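Listed below, chain by chain, are the residues.
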Amino acid sequence: MMWLPHDPVLSAALACATLPFLSMAVILIFTRPYQRLSCAISVGAITVCLGCALYLLITLRHAPAPVEYQWAWIVSSDMVIPFGFLLDRLSLLMLTIVAVISFLVQVYSIGYMHGDPGFSRYYAFQSLFAWAMMTMVIAPGMLQLYIFWELVGLASYLLIGYYYEKWSASQAGKKAFVMTRLGDIGFFLGIITVLLGFGDLGILHMNHAAQAGDIHPAVVTLGAILIFCGVVGKSAQFPLLTWLPDAMEGPTPVSALLHSATMVAAGVYLMSRIFPFFAASPDAMAVALIIGTITMLLASTMAFVTYDIKQVWAYSTVSQLGFMVMSLAAGGYFAGVFHLTTHAGFKALLFLCSGIFIHEYHTNDMREIGRGGGRKLTIPMICMTVGALALAGIFPFSGFFSKEAILGVLAEHPNKLFLGAGLLGAAMTAYYSFRLIFFILFPRSTAEEASHHEEAHGHGDDHGGGHHGHVFWAMAWPVMILATVTLVLGFFQNELQSYLLALEPASHGHEAVEHGGHGVGHYLLLVTAVCLAVGGVFFAYLEFGWKKATQEGFLRKFPAVETLFANRWYMDHFYRKALDLLVYCGFTNVFTRNDRRVIDGGIDGICRFTVGGGRAVSFLQSGMLQYNLVLMVAAVGVLVLVFAL
Amino acid sequence: MNSLSVYLTVAAVLFSLGLFGVLMRRNLIGMLISIELMLNGANLNFMAFNRFLAPEPAVGQIMALFIMGIAAAEAAIGLSIILALFRRLRSINVERAQRLRG
């Protein structure tokens, strides 16, 4: 193959940025009717990508400087917008995360989506997502990042609305698309601000210039806050967080891949991508910190009351994303990225486990899964418990390490309120995740219901593996791999830290203080956090697990609060009202009137003028030949007079 | 008054009579005859200029012969149109042929 570049690194990056796209095109154009072939193409493409990503990570592990390949894409006077790849430690880490989770989810989907009529379409969209996400991750400039950011949003829309014949699914897709777009407007304005104020959209240039103070501080603050709007939309932060729970209408593997592990983390990734740029503006950091805190607490409260198993994980995703934003905004670059990494692992694990339950029992309700005998599916039950332990931040699971790192960063922050919020959030997380686990593990049901369910499901569950064959195992293997990752990832904290920070002198100071300061305060914090998490789990056990537990939750005693939480703090109602008031009564009215009066009226007017004018002029045409002749003679006479005299 | 201006005056009178006829007659045959008059007026002009002013006497005569030929052809076409119109309208009065009125 002569046309391939001889540089293996570039070839690998190119493969990541093109193969999934090709696979999508091939599936959509040629192989749609052949489900197995489509699936093989897509999984094959992602496998190659995974290989390339791992290869890149290993070869460039010790690279002293970021490897950048760019080609000029738009050139306008002195402004050059490049298109290409930026391979530094952060993007390689994220690329690997995306490739690994995409690969596992696509393998899992072979089982989960088995027999679905839209199987080929599903894999085409999965490829689209993988392509957009990977190209976004290695983008060297903000504009390329933005373009693929939007493509990721498109893939999300298509996959949420995958069951498009279901009304709620198509509505949820629309909602997700519109709400994230709202944030993206801010993002785009931010890019324009940077372009006008600085003139270069290269990520490395922006970071260096912002650190060196070459950009006007007002531009940095405005740009950072506007770009943060994009983060708010994509990562479902406070004002725009309600799209994510609704996005659970999509197939469960999609929720695992897009709406927890990778796509929604894109916002946090963006923030860490231009972290030095953010760090140069204390105001933007303060805004982000407050938004992150509010999000984290709000989403946790919502998770207290829902019975939908996927919704609980969705709220916890929102809340963990809030955690990451808090950490980044408090200056903890490594802690944020580390939590992003571990969260991608354990949240994908949780969703994929839930997917197995949902596939098995055809319901999202955790009480019914429990009554149906959910705990008899041993592998997913154990794996889900592992995931929940990691989510709750209990030693020795990966979530424990990253959450500790974040709390350590928050402890450094002068305002202790944020540390308190973080600790409270950690306790709440433990409570709601184990509320779910105990619901499935210790089901309560009336006697007749129990016997009924035993009859219906009992025999099928005991020999789950053998009975389900490859369908079950295609789902079980990725889950087990992820559970292993969740178990061991935490112990690589130091390796990851030295890997990531070698190139980040900007945040190095912070981290060094945090890392070096393993004093009494740190251990105290560690013990407090673990105690709170265990306390949360224990409290959940008292209410939902224990034999005499009522399984009602303490919130039942405060009906008003419970209603508030269950209605998502009335945020959806607020949006609905705002939409009705502002859009349907405001804009739409004006536009309708504009359409009827101005546009329709204008065209009608032109028609009327033409017809009327024709009619008026037609009186000149008497039909008498000789009148025309008279006119002709007169005209010739006038011409003669004009030219002769 | 020299002899050229006499010819020119006669030709102008002939032309004007023809024009008047075309504009005033309602009978299509009459209009056709008037057009012939106008053509002859122009013809007379050619011959007069040829006789008194032109260095090469043949040119004007050729022109006059051409015009006669054209007049003959025009009469043939005009008469056939009039015939067609008569078949349709049962009349050769132009006032009856007012289909083009707006």
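Everything numeric in this text was worked out from a predicted model, so none of it was measured.

With that settled, the discussion passes to the overall build of chain A. Looking only at helices and strands, one finds 28 helices and two strands in chain A. Classification of the 645 residues of chain A by burial places 50% in the buried group. Expressed as a percentage of contacts within chain A between residues at least 6 apart in sequence, the contacts between residues at least 24 apart total 79%.

Assigned secondary structure in chain B consists of three helices and zero strands. Mapped in sequence order, the helices and strands of chain B form the string α-α-α. What you see for chain B is a C-alpha radius of gyration of 17 Å, clearly larger than the 13 Å of a compact globule of 102 residues, by over 25%. Expressed as lengths along the three principal axes of its C-alpha atoms, the size of chain B is roughly 50 × 25 × 20 Å. Burial analysis of chain B (102 residues in total) assigns 8% to the buried set.

All names here are of chain A. It is at 6 Å that the axes of helix H3 (residues 89–112) and helix H22 (residues 470–489) come closest, and there the two elements cross at 150 degrees. In terms of orientation, H3 and H22 fall into the roughly antiparallel class. In this structure, the crossing between H3 and H22 has a hand that is left-handed. Judged by residue contacts, Leu104, Val107, Tyr108, Ile110, Gly111 and Tyr112 of H3 engage Val471, Phe472, Ala474, Met475, Trp477, Pro478, Ile481 and Leu482 from H22. Classifying every residue of the contact of H3 with H22 by side-chain character gives 13 nonpolar, one polar and no charged.

Attention now moves to helix H14 (residues 309–329) of chain A. Residues and elements named next belong to chain A. Between its terminal C-alpha atoms H14 stretches 30 Å, which fits the 30 Å expected from 21 residues at 1.5 Å a residue. The buried count for H14 comes to 20 of 21 residues, which makes it a mostly enclosed element. Glycine 331 sits one or two positions beyond H14 and adopts a positive phi of about 100 degrees.

All names here are of chain A. When pLDDT is averaged along chain A, the result is 84; 92% of the residues meet or exceed 70. Note that residues 446–466 has pLDDT below 50 and, in this model, 17 contacts with residues that lie over four places away or in other chains. In the predicted structure, residues 503–518 sits below a pLDDT of 50 and forms 20 contacts with residues beyond four places in sequence or in another chain.

Turning to the packing of helix H1 (residues 3–24) of chain B against helix H2 (residues 28–52) of chain B, a few remarks are in order. Geometrically, a packed helix pair is captured by the angle between its two axes and the distance between the axes. Residue and element names in this part refer to chain B. Orientation of H1 relative to H2, taken along the N-to-C sense of each, is 165 degrees, at an axis distance of 7 Å. Looking at the two axes, H1 sits roughly antiparallel to H2. For the pair H1 and H2, the sense of crossing is left-handed. When grouped by side-chain class, the residues that make up the contact of H1 with H2 number 19 nonpolar, seven polar and no charged.

The subject of this paragraph is unusual backbone geometry. Even without being glycine, A:Ala236 reaches a positive phi, approximately 50 degrees. With 30 C-beta atoms counted inside 10 Å, the residue A:Ala236 sits in the buried group. Phi at B:Arg90 is positive, roughly 60 degrees, even though this residue is not glycine. Turning to its location among the elements, B:Arg90 is positioned in the segment after helix H3 (58–89). Note on B:Arg90: 8 C-beta atoms within 10 Å, which makes it exposed.

To continue, consider the pairing of strand S2 (residues 79–87) of chain A. Residue and element names in this part refer to chain A. In this structure, strand S1 (residues 67–76) lies alongside S2, joined through nine bridges in antiparallel fashion. Residue pairing across strands places alanine 72 opposite proline 82, the latter belonging to S2. The turn joining S1 and S2, which pair antiparallel and follow one another in sequence, is formed by two residues; a positive phi near 45 degrees is taken by serine 77.

A few words on the nonpolar core. By size, the foremost hydrophobic cluster in this structure holds 211 residues, and its most contacted members are A:Cys49, A:Leu95, A:Met134 and A:Ala348. Apart from the residues lying within four places of it in its own chain, the contact partners of A:Leu95 are A:Cys16, A:Ala53, A:Leu56, A:Met134, A:Val137 and A:Ile138.

Glancing now at the interface of chain A and chain B. With twelve residues of chain A at the interface, the matching set in chain B holds nine residues. In terms of residue count, the dominant contributor to the side of chain A that touches chain B is helix H28 (residues 625–644) of chain A (five residues). Its residues assigned to classes, the side of chain A that touches chain B shows seven nonpolar, five polar and no charged.

With that settled, the discussion passes to the environment of A:Gly111. All names here are of chain A. Its location among the elements puts glycine 111 in helix H3. Judged by the 22 C-beta atoms lying within 10 Å of it, glycine 111 falls in the buried class. As a C-alpha pair, glycine 111 and isoleucine 358 span 247 residues in sequence and 13 Å in three-dimensional space. The residues touching glycine 111, leaving out its near neighbours within four places in the chain, are Val471, Phe472, Ala474 and Met475.

All names here are of chain A. Secondary-structure assignment places arginine 61 in the loop between helix H2 (35–59) and S1. Arginine 61 gets classed as exposed once you count the C-beta atoms within 10 Å, which come to 11. Between the alpha carbons of arginine 61 and tryptophan 167 there is a distance of 47 Å; along the sequence they are 106 residues apart.

Quick look at the confidence of the model for chain B now. The pLDDT averaged across chain B works out to 89; a share of 97% of its residues lies at or above 70. In the predicted assembly, ipTM is 0.82 and pTM is 0.75.

Analysis parameters
- Residues numbered from 1 in each chain as written.
- Chains lettered and ligands numbered in written order.
- Predicted model: local features only at pLDDT ≥ 70, side-chain atom pairs only at ≥ 80, totals over all residues.
- Helix = DSSP H or I, 4+ residues; strand = E, 2+ residues; numbered from the N terminus.
- Buried ≥ 20, exposed ≤ 12 C-beta atoms within 10 Å, placed from the backbone.
- Contact = placed C-beta atoms within 7 Å.
- Rg over C-alpha atoms; globule rule 2.2 N^0.38 Å.
- Axes fitted to C-alpha atoms, helices over the stretch in contact; angles between N-to-C directions.
- Parallel < 35°, antiparallel > 145°, perpendicular 65-115°, else oblique.
- Left-handed = near helix turned anticlockwise from the far one by under 90°.
- Nonpolar A, V, L, I, M, F, W, Y, C, P; charged D, E, K, R; others polar.
- Expected span 1.5 Å × (residues − 1).
- pLDDT = per-residue confidence, 0-100.
- Pairing = 2+ DSSP bridges.
- Core = buried A, V, L, I, M, F, W, Y, C linked by C-beta atoms within 7 Å.

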